[in-house]
Amino acid sequence: MAGRRKAALLGGGLAAGLAGVLGSFVIAVMITAGNLNQAAAQGATTLAPGTVPTAYTSLIQQWGNLCPELTPPLLAAQLYQESGFSPTAVSPVGAQGIAQFMPSTWKIYGIDPTHTHTPSAWDPADAIPSAASYDCQLAKDTASVPGNRTSNMLAAYNAGPYAVIAAGGVPPIAETQHYVENIKKLALSFTAATTVSFSSQAAGAIYFAQSKLGTPYLWGGEGLASQGYRFDCSGLTQAAYASVGIKLPRVAADQWYAGPHPSRDQLQPGDLVFFSHDPHDPSQIHHVGIYVGGGYMINAPHTGAVIRYDSIDSEGDYFGATRVTTDGAAALPTVQTNGTIANGQ
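Residues numbered from 1 in each chain as written. Predicted model: local features only at pLDDT ≥ 70, side-chain atom pairs only at ≥ 80, totals over all residues. Heavy atoms only, no water.

Undergrad: Let's hear about unusual backbone geometry: which residues, and what values?
TA: In this structure, Gln100 takes a positive phi of about 55° despite not being glycine. Relative to the helices and strands, Gln100 is located in the loop between helix 5 (72–83) and helix 6 (103–109). On the accessibility criterion, Gln100 (2% relative accessible area) is buried. Positioned with a positive phi, His115 is a non-glycine residue whose angle comes to about 60°. (Helix = DSSP H or I, 4+ residues; strand = E, 2+ residues; numbered from the N terminus. Buried < 20%, exposed > 50% of the residue type's maximum accessible area, 1.4 Å probe, protein only.)

Undergrad: I'd like a description of helix 5, backed by residues and values.
TA: With 12 residues, helix 5 should reach 16 Å at 1.5 Å per residue; the first-to-last C-alpha distance of 16 Å fits that figure. A large share of helix 5 lies buried, amounting to 12 of its 12 residues. Looking at helix 5, one finds that the buried residues are Pro72, Pro73, Leu74, Leu75, Ala76, Ala77, Gln78, Leu79, Tyr80, Gln81, Glu82 and Ser83. In this structure, the buried residues of helix 5 make contact with helix 4 (54–63), helix 7 (124–141), helix 8 (149–159), helix 10 (174–186), helix 13 (252–255) and helix 14 (326–331). In this structure Thr71 caps helix 5, since a side-chain oxygen of it lies 3.1 Å from the backbone nitrogen of Leu74. Looking one or two places after helix 5, you find Gly84, whose phi comes out positive at around 65°. (Expected span 1.5 Å × (residues − 1). Contact = heavy atoms within 4.5 Å. Polar contact = N/O pair within 3.5 Å; in protein donor to acceptor, adjacent residues only side chain to side chain.)

Undergrad: Any details on the state of the cysteines? Residues and values, ideally.
TA: According to the stated counting rule, one finds one disulfide in the structure shown. With a sulfur-sulfur separation of 2.1 Å, Cys67 is cross-linked through a disulfide to Cys136. Since a negative S-S torsion denotes a left-handed disulfide, the Cys67-Cys136 link at about -85° is left-handed. Of this pair, Cys67 sits in the loop between helix 4 and helix 5 while Cys136 sits in helix 7, placing them 69 residues apart in sequence. (Disulfide = S-S within 2.5 Å.)

Everything listed here is a matter of coordinates, which is why it stays silent on function.
Right, here's the structure in full:
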């Protein structure tokens, strides 16, 4: 939650046939290391396809270029961190809408870019431009403060510009520091990059998933003893990456944001591959598997099936892929049981 709004802060057979091929893929993954900041270093400012619900894509792409300190991926990451793109989100302290404005802040900074109606924090067509405009105003307010201007802008969005000015940069407030770093890292998950670095943990995640081949599927399964050590699709991917020290969210649609998104011709073993009822809406993701190479994945398909190798075309609605990174997973906001973001963190 943005601290600028808080008084406290302001104070089987196929398996055998593929074994040789997959072994070489795993070896290749094990010996390759990546630079997780490559996309950022390239200065890419275009949203990666499928990372933002279609209704908001053009707004974020347009308004995310409002000032030099802001980019569309950064604005998308900020909105996701604040509300999970929910236009009806309400925080425990009363912040409202997709950009989580407090009513008092909205009265000052809320805008209607069409100049045809009274702006509403509940309307993303108003709230997204308002968030970008407010970001850029904060960038101006803190322009003379030493340090990274984007970091100072985000810190001001969270803790207020006076806190940033007084501290001479990002203030020593744990929530604010986490807010700044998480959004900057999460922005990589929204950035369209021409190349995506390899994941050094991919081999271990594949090894874990391979060890579960033949295990019966269980809806809601997380591999617990009480569940007979069975998994559903996202339970398997979560456990596979937990085995190499990366904590993923429980639900497939949330795992989508755990790193950058390679195109289909850039797929590497260990990438998570996703399937959606809507080819343009990540909230409609319904299935996830672990890519192993050669057009195949390990997945827990459905009730009555076992964990197995399947073609990534078997579901018929391939959506995209995520190359899981430690930073990307760690930057994800906490999603509450009701689906809302917990305090913007």
